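Each chain is listed here by its residues.
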Amino acid sequence: MTTEEDSLKNYGIEPWLIKNLHDISISSLFTVQKEIIPFISKTEGHDICVCAPTGSGKTLSYAIPLVQKIVNRVIRRLKILVVVPTHDLVSQVEKTFKSIIKHTDLVVEYLGIRPFHIEQKLLVRQYQFGDHSKMESLVDILVSTPGRLVDHINETKGFTLEFLNYLVIDEADRLLRQSFQDWLEILMDSANSNNNMDIENNNNLGTNINNITVKEQGNIQIQEINVKLIDSTPGNHLSQSQCKLVKILLSATMTYNPTKISLLQLHAPLFFTTSKIKEIKYKMPETLKESYIISSTSEQRPLVLLNILKNTISTDDSTSKKKIICFTKSLETTHRLNLLLKFIQNVDGLKFVSEEYSSVQSQSERSALLSRFRNGEIDILICSDIMSRGMDIQDIDVVINYNAPPNITLYVHRVGRTARAGKDGSSYTIVEKQELKHYLFTMKKAERSHSIHKLKWKFEDYKPYEVQYKNALYQMRLIFNKRKTIDEPSNDTSTTIQSSMESDSRLYENLLEVSKKKAKANFNC
Ligand SMILES: Nc1ncnc2c1ncn2[C@@H]1O[C@H](COP(=O)(O)OP(=O)(O)OP(=O)(O)O)[C@@H](O)[C@H]1O
């Protein structure tokens, strides 16, 4: 066993799991994993909240100890539930679990991507027990979005959370925003039904912070928030051990006061954070280089983007392909920008393939796009914010904010798609003059002003792209004018965009044919 693998053993990781980790090229642990894995493995009775930078390995920090906890189970019951905000993340987290439970008889399933009735058959089955028919779980670990989970709690006979021991809420700050919390109430009622916590009769459960003790452990700070579950029903006090459901909340932008999440009735919550409370508010990957460029008008924005691409995609050496994600502010902007880039080819030797990635596409279309992006067929993914949370694509070199994100949380998660797992990465934010004040204020509020670098590009820098850009705008006008005669105005944005994407791609293909013939004719003359 190599010394590194030996170090995995020092963190209580069992040989069978070390081998599975080795098979996915993991032989040592990241900072947050070195604290969380042994803590979850050895400690009971504490719920935990983890705030660590994007790409710091939070998924494995809970997946490793939890699978070890249940691997020797005798009866298969749903013991681990992971809730994430998007279907793309469901499939990513399920793959991580699947890779580390190899050669065991543990079963992990995912919800929200296949037809509902198919999922029902994968979750539970009916069997005869004497003259009774009984239901049994077919899964040990489940990964789901909130909505589909609630559907199964309400509609799938035999599906129950009563034996659940571990509830993981990833991207917790987003999932636990007030507007989302109805799913949480249903989940907690279902999970607590067997955890001696009859929520219905204890609806006056509350939490009261006694005090907060802080201790340093290596690079991690641990806040012990001494919270007492208050149940004002006379003579009915819940001890910590009564609640067998351990809750684990994670995010790169986790709230500092987890007891705000009272619905979860956190027990003796411990708050693990990699940034010292007195230090900066949002800890970013240390290998991330952040820049911003001021665009004097919105028309200049595409030219700034082209200059970023020119400075990123080395035109001389096509082997050193770069993986670039470009975030925009809306589905419509994503669609239009991608179309524009399709008409701007071979600018100053700049060659690239761009595609759009948004919630208008189906899950299968998005997965196909991601695999083309992963294997280098696509250079730039133009994305809406569906990509911004948690999506882990190896070796993204650059993240571009075509539109500056409206808040720091979105900024952290967007730029966090690069500089992951300790690798280098760069982010560029295009800020229009009238957005500059808000952008700088947001960065200052998040104590990031010292880490963002202003690139002072001038109008002359954009000269090489002007002709192509104007030609592309002309082609776009042709498309959108033609579309006006095709599409009836519809108030459903996604259908409008869906139908426009189809009509655009047909029109785009025709126009491209025309421009290729023209170019050929010019060439032959
Ligand atoms: N110990 C490790 N050694 C090498 N690579 C690792 C290790 N732990 C995780 N990784 C890799 O690091 C990448 C990021 O991991 P993960 O997605 O869990 O980060 P995260 O902290 O959840 O990020 P985000 O906050 O964006 O969701 C993944 O590709 C994962 O395979």
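None of the values given here were measured: they were computed from a predicted structure. Going along each chain's sequence as written, the residues are numbered from 1 onward. It should be noted that, the model being predicted, local features are given only for residues of pLDDT at least 70 and side-chain atom pairs only at 80 or more, the latter also being counted only at that level, while totals for whole chains, interfaces and linings use all residues. Hydrogens and water are ignored here; the side-chain numbers use all heavy atoms of the structure.

1. Focus on the overall build of the protein chain
And step 1. Runs of E in the DSSP output that reach at least two residues are strands. Runs of H or I that reach at least four are helices, and both are numbered from the N terminus. Helix and strand content of the protein chain: 16 helices and 18 strands.
And step 2. Whether two residues touch is decided by their heavy atoms; if any such pair falls within 4.5 Å, the residues are in contact. Here the contacts in the protein chain between residues at least 6 apart in sequence split such that 75% fall between residues at least 24 apart.
And step 3. Here the protein chain has roughly 24300 Å² of accessible surface; of this, 53% comes from carbon and sulfur atoms. Each accessible area value is a Shrake-Rupley result obtained with a 1.4 Å probe; residue values ignore everything except the protein chains displayed when judging cover.

2. Here's the deal with empty space enclosed by the protein
And step 1. Grid points spaced at 1 Å over the protein atoms alone were grouped into cavities, where a 1.4 Å probe fits but cannot get out, and pockets, open sets with protein on both sides within 12 Å along at least five of seven lines, with lining residues defined by an atom within 4 Å of a point. Grid points are joined across faces, edges and corners, and a volume is the space filled by probe spheres set on the points. The final tally for this structure, using the stated rule, is one cavity of 30 Å³ or more.
And step 2. The wall of the largest cavity is formed by Phe39, Ile40, Thr43, Glu44, Gly45, His46, Ile48, Lys69, Tyr166 and Val246.
And step 3. When the residues that make up the lining of the largest cavity are grouped by side-chain class, the tally is five nonpolar, three polar and two charged. Amino acids outside the nonpolar list (Ala, Val, Leu, Ile, Met, Phe, Trp, Tyr, Cys, Pro) and the charged list (Asp, Glu, Lys, Arg) are all regarded as polar, and Gly is one of them.

3. Concerning the domain arrangement of the protein chain
And step 1. Assigned domains within the protein chain: domain 1 (4–195 + 243–273) and domain 2 (288–467).
And step 2. Its C-alpha centre places domain 1 at a distance of 33 Å from the equivalent point of domain 2.
And step 3. Contacts between the two partners involve 16 residues from domain 1 and, on the opposite side, 15 residues from domain 2.
And step 4. Values labelled buried area give the accessible surface lost by two parts on being combined, using a 1.4 Å probe and summing over both. Taken over both partners, the interface formed by domain 1 and domain 2 buries close to 1300 Å², and the fraction arising from carbon and sulfur atoms is 52%.
And step 5. It is Thr54, Asp88 and Gln92 in domain 1 that bury the most area against domain 2; as a group they hold 40% of the surface buried on that side.
And step 6. The term salt bridge refers to a side-chain nitrogen of Lys or Arg lying within 4 Å of a carboxyl oxygen of Asp or Glu. Counting across the domain 1 and domain 2 interface gives three salt bridges.
And step 7. The partner of Asp173 in a salt bridge is Arg389, and the shortest N-O contact between them spans 2.8 Å.
And step 8. If you list the elements that add at least two residues to the side of domain 1 that touches domain 2, you get helix H5 (87–100) and helix H8 (172–175). Boundaries of every domain are those given by an automatic assignment or by a domain database.

4. A look at the pairing of strand S1 (residues 48–51)
And step 1. The alternating pattern of S1 places Ile48 and Val50 on one face and Cys49 and Cys51 on the opposite face, and all of these are buried.
And step 2. Note on pairing: DSSP must find at least two bridges between two strands before they are called paired. The pairing of S1 with strand S11 (residues 270–273) spans four bridges and is parallel. Each residue of the ladder has a partner; that of Cys51, found in S11, is Thr273.
And step 3. Here S1 pairs with strand S10 (residues 246–251) via four bridges, running parallel. Note on S10: the bridge partner recorded for Val50 is Leu250. Only protein chains enter the calculation, and the probe is 1.4 Å; a residue is then buried if its accessible area is under 20% of its type maximum, exposed if over 50%, and partly exposed in between.

5. A look at the pattern of salt bridges
And step 1. Applying the stated rule across the entire model yields 25 salt bridges.
And step 2. Notably, a salt bridge pairs Asp105 with Arg73, separated by 3.2 Å at the nearest N-O pair. With Asp105 in the loop between H5 and strand S3 (108–110) and Arg73 in the loop between helix H4 (58–70) and strand S2 (80–83), this residue pair connects regions lying 32 residues apart in the sequence.
And step 3. Of the residues examined, Asp105 reaches a relative accessible area of 45% and is grouped as partly exposed.
And step 4. Taking the shortest distance from any N to any O, the salt bridge between Arg420 and Asp392 comes out at 2.7 Å. Residue Arg420 is found in the loop between helix H13 (408–415) and strand S17 (425–432), and its partner Asp392 is found in the loop between strand S15 (380–383) and strand S16 (398–401); the two are separated by 28 residues along the sequence.
And step 5. Using a relative accessible area of 14% as the deciding quantity, one classes Arg420 as buried.
And step 6. Note on Asp392: relative accessible area 27%, which makes it partly exposed.
And step 7. Overlapping salt bridges bring together Arg73, Arg76, Asp105 and Asp140 as one network.

6. Re the site of the ligand
And step 1. Among the 20 residues in the neighbourhood of the ligand, the closest are listed as Ser28, Lys58, Thr59, Asp392 and Arg420.
And step 2. Polar contact criterion, stated in full: a pair of N or O atoms within 3.5 Å, where within protein one must be able to donate a hydrogen and the other to accept it, and residues adjacent in sequence count only if both atoms are side-chain atoms. Here a nitrogen atom of the ligand and a backbone polar atom of Ser28 are 2.6 Å apart.
And step 3. Arg417 places a polar side-chain atom, nitrogen or oxygen, 2.9 Å from an oxygen atom of the ligand.
And step 4. Think of it this way: if more than half of a molecule's atoms are within 2 Å of a pocket's grid points, that molecule is in the pocket or cavity. The pocket occupied by the ligand, as judged from atoms lying within 2 Å of grid points, is the largest pocket.
And step 5. Residues of the shell around the ligand, tallied by class, amount to six nonpolar, nine polar and five charged.
And step 6. Looking at which domains feed residues into the shell around the ligand, each of domain 1 (4–195 + 243–273) and domain 2 (288–467) supplies at least three. One heavy atom within 4 Å of a molecule or strand makes the whole residue count as near it.

7. Quick word on the sheet that holds strand S13 (residues 324–327)
And step 1. Taken together, the seven strands give an open sheet; going across it, the order is S14-S15-S13-S16-S17-S12-S18, and neighbouring strands pair in parallel fashion. Edge positions in the sheet fall to strand S14 (354–357) and strand S18 (452–454), since each of these pairs with one other strand and no more. In this sheet, adjacent strand axes meet at a mean angle of 25 degrees when their direction is disregarded.
And step 2. As paired strands, S13 and S15 are joined by four bridges and run parallel to one another. By the bridge assignment, Ile325 is partnered in S15 with Leu381.
And step 3. Lines are fitted to the C-alpha atoms to define the axes, a helix being fitted only along its stretch in contact, and any angle between axes, read from their N-to-C directions, falls within 0 to 180 degrees. In this fold helix H11 (residues 331–343) packs onto S13, S14 and S15, with an angle of close to 170 degrees to the strand it touches most, S14.

8. Regarding the confidence of the model for the protein chain
And step 1. In this model, the protein chain carries an average pLDDT of 83, and 78% of its residues clear a pLDDT of 70 or more.
And step 2. Residue-level confidence of the predictor is what pLDDT reports, using numbers from 0 through 100. Long-range and interchain partners of residues 226–242, a stretch whose pLDDT sits below 50, account for 45 contacts in this model, where long-range means more than four residues apart.
And step 3. As scored by the predictor, the complex reaches a pTM of 0.82 and an ipTM of 0.99.

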